[in-house]
Amino acid sequence: MTGFDQQINRIDTNCEKWNKYKDQDIIPAWVADMDFQSPPSLIQALTERVEHGIFGYTGMDDATIEATIAFVKRQHNWDIKKEWIVWTHGVVVSMNLVCRMLAADEEVITTTPIYPHFVKAPHNAKKTLTQVPLKNIDNRWTIDFDTFESSITPSCKLMLLCNPYNPGGTVFTREELERLSAICIAHDLIICSDEIHADLVINPAAKHIPIASLNSDIQKRSITLMAPSKTFNIAGLQSSFVIIPDKELRVRFQKELRGLGGDINVLAITATRVAYQDGDTWLADLKSYLLENFKMIQAFVEHNKNLKMLHHDATFLAWIDCSQLNTPHPYELFLKYGVGLSDGSGFGDKNFVRLNFGTDKKTLTQILSRMQHALNSLK
């Protein structure tokens, strides 16, 4: 596991995460991009492919599809079929296409706070969006099902679900997913489930369940978004896939995609195949390392009684409640002391910050030390 402790200089690599504060004494801990090298087997496969030297038009191959199907089965106990899969260049792209599947007068519903593109995608498609706040139940972020159901309008036809949840780290239980499914079936909603963080469940007691795997009724109205990008830190290669079991829904999605994108590129195909074939051991080590990092953040929050963080199951993104601080904008406070977190305003609540702990322990220690200095300045 020592490989995750390695500090790698990402400056001058056109890295969005680190370039944001390139000429400032600010440690970036914002966008969901880890500072770890991808699995060695993946890097080796890319090296060999590059050395081939020809990068012409390349179609999706059976080996990559089979590796993807097998990985989803191993990790999530879900049997998916080849014909259900549509490859795209990113989960955000896919979410936007799903919103554009709706008729002009149809609406969307989601929960908040939420990853900003859950709000942007309906807006881009010129759809009315209803936002229902999550609820703290037993120190855990979850859906207020009664409020959610009462908020569904007759024109609402699509629910955007985030599971595991970003931000907040909740992995919804089978009971929660079954209740949500029953509501969506009763109101004839399509469920578009962003499950990009599904492979990054760090709480050993939690288990990710793809909502489409619950039963045949919900499977018929589900569009599931997955990708190797967060899991194996290859977001820059732009590889993702959409799982749509229902043929009619799949045709509608493909119609929106037509002319706007083809298969993922040759290097993305190579990385995806090798990650899904050989990445399980590396992934298990990664999750152990991330759990250790998260425990560092838990200890930091517990030490500072004016901070709060609810139970966290998954992702490398800590959602920290700063509402008890004597400051109008916590993000700006921490930025002043040299830490570039994600501003909670973008997710729907300026009283929170999101901390990316997908980095080596030395860097995380520096981040928490600077945040402590910021908090001490308020005393």
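Notes on the structure in this doc start here. (Residues numbered from 1 in each chain as written. Predicted model: local features only at pLDDT ≥ 70, side-chain atom pairs only at ≥ 80, totals over all residues. Heavy atoms only, no water.)

### A few points about helix H12 (residues 280-303)
Rule in force here: Only DSSP runs of H or I reaching four residues or more are called helices, and only runs of E reaching two or more are called strands; each is numbered from the N terminus. Expected helix span is given by 1.5 Å per residue-to-residue step, counting one fewer step than there are residues. Whether two residues are in contact is decided by their heavy atoms, any of which lying within 4.5 Å being enough.
Helix length check: H12, at 24 residues, gives a terminal C-alpha distance of 35 Å against a target of 34 Å (1.5 Å per residue), a fit within 8%. Residues of H12 that are buried in the fold lie against helix H2 (40-52), helix H3 (62-76), helix H9 (229-232), strand E11 (317-321), strand E13 (352-356) and helix H14 (361-376).

### Description of the pairing of E13
Definition in use: Summary of the burial criterion: residues with accessible area below 20% of their type's maximum are buried, those above 50% are exposed, and those between are partly exposed, where the area comes from a 1.4 Å probe applied to protein chains only. Two strands form a pair only when DSSP identifies at least two bridges running between them.
Among the five residues that make up E13, five are buried, leaving the element largely enclosed by the rest of the structure. Alternating residues of E13 divide into Phe-352, Arg-354 and Asn-356 and Val-353 and Leu-355, and every residue in both groups is buried. Sheet analysis places E11 next to E13, joined by five bridges and oriented antiparallel. Counted as the bridge partner of Ala-318 is Leu-355 from E13. Here strand E12 (residues 339-343) pairs with E13 via two bridges, running antiparallel. In the sheet register, Ser-342 faces E13, and the bridge partner there is Arg-354.

### Quick look at the side chain of His-76
With respect to the secondary-structure elements, His-76 resides in helix H3. In this structure His-76 touches Phe-71, Ala-198, Asp-199, Lys-207, His-208, Pro-210 and Met-226, once residues within four positions along its chain are discounted.

### Quick notes on the sheet that holds E13
Strands pair in a sheet through their backbones, by hydrogen bonds, and they do so in one of two ways: parallel or antiparallel. Rules: Here an angle of 0 to 180 degrees is reported between the N-to-C directions of two axes, which are lines fitted to C-alpha atoms, with helices fitted over the stretch in contact.
With mixed pairing, four strands are arranged side by side in an open sheet as E1-E12-E13-E11. The sheet terminates laterally at strand E1 (27-29) and E11, the two strands that pair on one side only. Taken over all neighbouring pairs, the strand axes of this sheet differ in orientation by 35 degrees on average, direction set aside.

### Let's talk about the environment of Val-93
Along the polypeptide, Val-93 turns up in helix H4 (residues 91-99). On the basis of relative accessible area, Val-93 is assigned to the partly exposed category, the value being 40%. Between the alpha carbons of Val-93 and Gln-44 there is a distance of 29 Å; along the sequence they are 49 residues apart.

### A look at the packing of aromatic side chains
To keep it simple, the criterion reads: Ring geometry is summarised as follows: Phe, Tyr and Trp rings, the Trp one being its six-membered ring, pair when their centres sit within 6.5 Å, and such pairs are stacked at plane angles under 30 degrees, edge-to-face over 60 and tilted between the two. Cation placement over rings: the criterion is NZ of Lys or CZ of Arg within 6 Å of the ring centroid and within 35° of the ring normal.
Throughout the structure, instances matching the rule amount to 15 aromatic pairs. Taken together, a centroid distance of 5.1 Å and an interplanar angle of 80 degrees make the contact between Phe-4 and Phe-36 edge-to-face. One end of the pair, Phe-4, is in the segment before helix H1 (16-19); the other, Phe-36, is in the loop between E1 and H2, with 32 residues separating them in the sequence. In this pair, the class of Phe-4 matches that of Phe-36, namely buried. Among the aromatic residues, ring-to-ring pairing joins Phe-4, Phe-36, Phe-71, Trp-87, Phe-232, Phe-241, Tyr-276, Trp-282 and Tyr-289 into one connected group. Stacked on the ring of Trp-30, the Lys or Arg Lys-20 has its end atom at 4.2 Å from the ring centre.

### Quick word on the nonpolar core
Inclusion rule: For the purposes of this section, nonpolar cores are sets of buried Ala, Val, Leu, Ile, Met, Phe, Trp, Tyr and Cys residues that join through side-chain atoms within 4.5 Å.
Counting 71 residues, the largest nonpolar core has Ile-297, Ile-320, Leu-355, Phe-357 and Met-371 as the members making the most contacts within it. Aside from chain neighbours lying at most four places away, what touches Ile-297 is Met-309, Ala-318, Ile-320, Leu-355, Phe-357, Leu-364 and Leu-368.

### Quick word on H3
Compared with an ideal rise of 1.5 Å per residue, which puts 15 residues at 21 Å, H3 spans 21 Å between its outermost C-alpha atoms and is within 8% of the ideal. Where H3 is buried, its residues contact strand E2 (85-88), strand E9 (222-226), H9, strand E10 (240-243), helix H11 (266-278) and H12.

### What about the side chain of Asp-343?
Where we set the bar: For the charge count, each Lys or Arg is scored as positive and each Asp or Glu as negative, with His and the chain ends excluded. Salt bridge, as used here, is a side-chain nitrogen of Lys or Arg placed within 4 Å of a carboxyl oxygen of Asp or Glu.
With respect to the helices and strands, the residue Asp-343 is situated in strand E12. The buried charged residue Asp-343 lacks any salt bridge, with Lys-20 as its nearest oppositely charged partner at 8.5 Å. Other than its neighbours up to four places away in sequence, Asp-343 contacts His-329, Tyr-331 and Phe-352.

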